[in-house]
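Chain by chain, the residues run as shown.
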Amino acid sequence: MHSGGGAANELLQLISVLNRAEMGEFEISSFVLSGHHYSGTSYIFGELEGHVYDDNRATGDTLDVRDIELLSKVFPVAFSQVDSMMFSACNTHDLGIQD
């Protein structure tokens, strides 16, 4: 995994939701990630107190989009349900993600 250790809780929550969708409990039609993003990086990150950006040097509270791709291989049924994937973060037009 490429995400920072500070994102472990968020990753566990995501894995729980993906597992439930994989088992047929519900379907996921949209996948939305929100946060901050710097050009030239592959991660989305949060904000610390006082509007200080957590850019992986402070707490490592970063979710790397490469881990989303890895999770799609573990939960293929859940990801096959997704009709749209959206990013609400600056500069995400240049993440190199392809359909």
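Residues numbered from 1 in each chain as written. Predicted model: local features only at pLDDT ≥ 70, side-chain atom pairs only at ≥ 80, totals over all residues. Heavy atoms only, no water.

**Remarks on the confidence of the model for the protein**
For clarity, the cut-off: On a scale of 0 to 100, pLDDT captures the predictor's confidence in every residue. Think of it this way: any DSSP run of H or I at least four residues long counts as a helix, any run of E at least two long counts as a strand, and we number them from the N terminus.
Mean pLDDT over the protein: 82, with 84% of residues reaching 70 or higher. For the protein, the element scoring lowest by mean pLDDT is strand E4 (residues 52-53), at 69; helix H3 (residues 76-80) scores highest, at 96.

**With respect to the pattern of salt bridges**
Working definition: two side chains of opposite charge can pair if their charged atoms are close together. Our working rule: Between Lys or Arg on one side and Asp or Glu on the other, a salt bridge is scored when a side-chain nitrogen of the former is within 4 Å of a carboxyl oxygen of the latter. The cut-offs for exposure are 20% and 50% of the maximum accessible area for each residue type, with area from a 1.4 Å probe on protein chains only; residues under the lower value are buried, those over the upper are exposed, and the others partly exposed.
The tally for this structure, following the rule as stated, stands at 3 salt bridges. Its salt-bridge partner being Glu-25, residue Arg-20 comes within 2.7 Å of it at the nearest N-O pair. A residue is classified by how much of its surface remains accessible, and Arg-20, at 36% relative accessible area, is partly exposed. A salt bridge links Asp-64 to Arg-66; the nearest nitrogen and oxygen atoms lie 2.8 Å apart.

**Here we look at helix H1 (residues 8-22)**
Counted only if it meets this: Given the number of residues in a helix, its expected span is that number minus one, multiplied by 1.5 Å. Think of the arc as the fan of directions from the helix axis to the C-beta atoms. Here, residues are in contact when the closest pair of their heavy atoms is within 4.5 Å.
Between its terminal C-alpha atoms H1 stretches 20 Å, which fits the 21 Å expected from 15 residues at 1.5 Å a residue. For H1, the full list of buried residues reads Leu-11, Leu-14, Leu-18, Ala-21 and Glu-22. Each buried residue of H1 lies within a common arc of 95° when the element is viewed along its axis, so the set occupies one face. In this structure, the buried residues of H1 make contact with strand E1 (30-34), strand E5 (62-64), helix H2 (65-74) and H3. Directly after H1, the chain includes Gly-24, whose backbone phi takes a positive value near 85°.

**Observations concerning the nonpolar core**
To keep it simple, the criterion reads: In this description, a nonpolar core means a group of buried Ala, Val, Leu, Ile, Met, Phe, Trp, Tyr and Cys residues linked to one another through side-chain atoms lying within 4.5 Å.
Formed by 13 residues in total, the largest nonpolar core has its most connected members in Leu-18, Phe-31, Ile-68, Leu-71 and Phe-79. Of all the elements in the fold, those that place two or more residues in this core are H1, E1, H2 and H3. Excluding residues within four positions of it along the chain, Leu-71 makes contact with Leu-11, Leu-14, Ile-15, Leu-18 and Phe-79.

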